[in-house]
Amino acid sequence: MRKFGKKYVEASKKVEKNKNYDITEAVKLAKETSTTKFDSSVELAVKLNIDTKKADQQLRGSLVLPNGNGKTKRILVLAKGAQAEAAKKAGADFVGEQDMIDKIEKENWFDFDVIIATPDMMPSLGKIGKVLGPKGLMPNPKTGTVTPTPEKTVEDVKKGMIEYRADSYGNIHCSVGKVSFTEEALKENILYVLTTLNKAKPSTVKGKYIQNISLSTTMGPGIHVDQNTVDM
């Protein structure tokens, strides 16, 4: 049986297990039940009524949070010529082409958080897909990380772009900010994610699409959100 620390137990006492909280109250409670000394991330979990075994219901994409997510990501751009220069000017941390791919493969180099690649670099990058895939680092057109304009995606990542992907059970987890954010900023980010997911609803889905919404902080208790208080 899993054991919880004293801070978690005390924080959990503030949350009623079977209650669905108003979105505003849920955000406030999430901040209050943070148990870490560092600035915890605020995580959003959404259960969707989708069947990911069906190709048209494999939900994946990216979005730029209105208030960012409080995280700084190290960006590697794989591009050539003018596209590489544009990426450098946009603030990419590392820019290269085959030399960077070789560095990853031969030196096991992973001092970056996201890879953005131009389409012409994908055949070479695909050769180390078995290394990048399990780490969630393989660029994908659906998330905007395979693009002819890498500088635009670099700017988006720096503004707070996050990727989302439904797991095999139809759950989507993503960070929507830090405990240090204002309640209004967190709420705005959460509503933006939910609105984006709502717009991405597959046309073949029948019945209630969003089945459950919950918030939590790093090592903090989960808080269920009343969908009736969420304006999408």
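Residues numbered from 1 in each chain as written. Predicted model: local features only at pLDDT ≥ 70, side-chain atom pairs only at ≥ 80, totals over all residues. Heavy atoms only, no water.

Draft legend 1. Representation of the overall build of the chain within the structure. When helices and strands are counted, the chain shows 8 helices and 9 strands. The C-alpha atoms of the chain give 19 Å as radius of gyration, which agrees with the globular expectation for 232 residues (17 Å, within 12%). Counting only C-alpha atoms and orienting by the principal axes, one finds that the chain spans roughly 55 × 45 × 35 Å. Taking all contacts inside the chain whose residues are at least 6 apart in sequence as the whole, residues at least 24 apart take part in 72%. Here the chain has roughly 12600 Å² of accessible surface; of this, 49% comes from carbon and sulfur atoms. When the 37 basic and 29 acidic side-chain charges of the chain are each reduced to a single mean position, those positions are 5 Å apart. (Helix = DSSP H or I, 4+ residues; strand = E, 2+ residues; numbered from the N terminus. Rg over C-alpha atoms; globule rule 2.2 N^0.38 Å. Contact = heavy atoms within 4.5 Å. Areas by Shrake-Rupley, 256 points an atom, 1.4 Å probe, with all protein chains shown as cover. Lys, Arg positive; Asp, Glu negative; His and termini not counted. Charge placed at Lys NZ, Arg CZ, Asp CG, Glu CD.)

Draft legend 2. Region of interest: the packing of aromatic side chains. Counted under the stated rule, the structure contains 3 aromatic pairs. A centroid spacing of 5.0 Å and a plane angle of 90° characterise the contact between Phe94 and Trp109, whose relative ring orientation is edge-to-face. With Phe94 in strand β4 (residues 94-96) and Trp109 in the loop between α4 (98-107) and β5 (114-117), this pair connects stretches of sequence that are 15 residues apart. A relative accessible area of 9% means that Trp109 is categorised as buried. Ring centres of Phe110 and Phe112 lie 6.0 Å apart, and the angle between their planes is 45°; this geometry places the pair in the tilted category. Taken as a pair, Phe110 and Phe112 share a single burial class, namely buried. Taking NZ or CZ as reference, Lys135 lies 4.7 Å from the ring centre of Phe110, over its face. (Phe/Tyr/Trp six-rings, centres within 6.5 Å; stacked < 30°, edge-to-face > 60°. Buried < 20%, exposed > 50% of the residue type's maximum accessible area, 1.4 Å probe, protein only. Lys NZ or Arg CZ within 6 Å of the ring centre and 35° of its normal.)

Draft legend 3. Expanded view of the layout of surface pockets. Here the largest pocket is characterised by a volume of approximately 570 Å³. Forming the walls of the largest pocket are 25 residues, and the residues nearest its centre are Lys73, Gly136, Ile162, Glu163 and Tyr164. Among the elements of the structure, β5, β6 (161-165) and β7 (171-178) are those that each provide at least two residues to the lining of the largest pocket. Sorting elements by how many residues they give to the lining of the largest pocket places β6 first, with 5 residues. In terms of residue class, the lining of the largest pocket is made up of 10 nonpolar, 8 polar and 7 charged. (1 Å grid on protein atoms, 1.4 Å probe; cavity = no way out; pocket = protein on both sides within 12 Å on 5 of 7 lines; lining within 4 Å. Points joined across faces, edges and corners; volume = space filled by probe spheres on them. Nonpolar A, V, L, I, M, F, W, Y, C, P; charged D, E, K, R; others polar.)

Draft legend 4. Representation of the sheet that holds β5 within the structure. The strand order across the open sheet formed by 3 strands is β4-β3-β5, and the pairing between neighbours is parallel. At either margin of the open sheet sits one strand with a lone partner, and together these are β4 and β5. Neighbour-to-neighbour, the strand axes of the sheet open up by a mean angle of 20°, direction not taken into account. With 4 bridges connecting them, strand β3 (residues 75-78) and β5 associate as parallel partners. (Pairing = 2+ DSSP bridges. Axes fitted to C-alpha atoms, helices over the stretch in contact; angles between N-to-C directions.)

Draft legend 5. Inspection of the pattern of salt bridges at higher detail. Evaluated as defined, the whole model comprises 5 salt bridges. Close ionic contact of Glu25 with Lys19 constitutes a salt bridge, the shortest N to O distance being 3.8 Å. Among the salt bridges present, the one from Arg74 reaches Asp113, with a minimum N-O distance of 3.2 Å. Pair noted here: Arg74 is in the loop between β2 (60-64) and β3 and Asp113 is in the loop between α4 and β5, with a separation of 39 residues, a long-range link. (Salt bridge = Lys/Arg side-chain N within 4 Å of Asp/Glu carboxyl O.)

Draft legend 6. A look at the nonpolar core. Leu44, Leu48, Leu59, Ile190, Val193 and Leu215 are the most contacted members of the largest nonpolar core, which has 37 residues in total. Examining the composition of this core, we find that 6 residues originate from one element, helix α8 (residues 183-199), more than from any other. (Core = buried A, V, L, I, M, F, W, Y, C linked by side-chain atoms within 4.5 Å.)

Draft legend 7. Main features of the pairing of strand β8 (residues 210-217). Within β8, 6 of the 8 residues are buried, which leaves the element mostly enclosed by the surrounding structure. With 7 bridges joining them, strand β1 (residues 41-48) and β8 adopt antiparallel strand pairing. Considered in β8, the bridge of Val46 is made with Ile213. The pairing of β8 with strand β9 (residues 223-224) spans 2 bridges and is classified as antiparallel. Bridged to Leu215 within β9 is Ile223. In this structure, the hairpin formed by β8 and β9 is closed by a connection of 5 residues, where Met219 is found at a positive phi of approximately 65°.

Draft legend 8. Local environment of the sheet that holds β1. Strand order in the open sheet formed by 4 strands is β7-β1-β8-β9, with antiparallel pairing between adjacent strands. Each edge of the open sheet carries a strand with a single partner, namely β7 and β9. Sheet contacts for α8: β1, β7 and β8; angle to β7, the most-contacted strand, approximately 155°.

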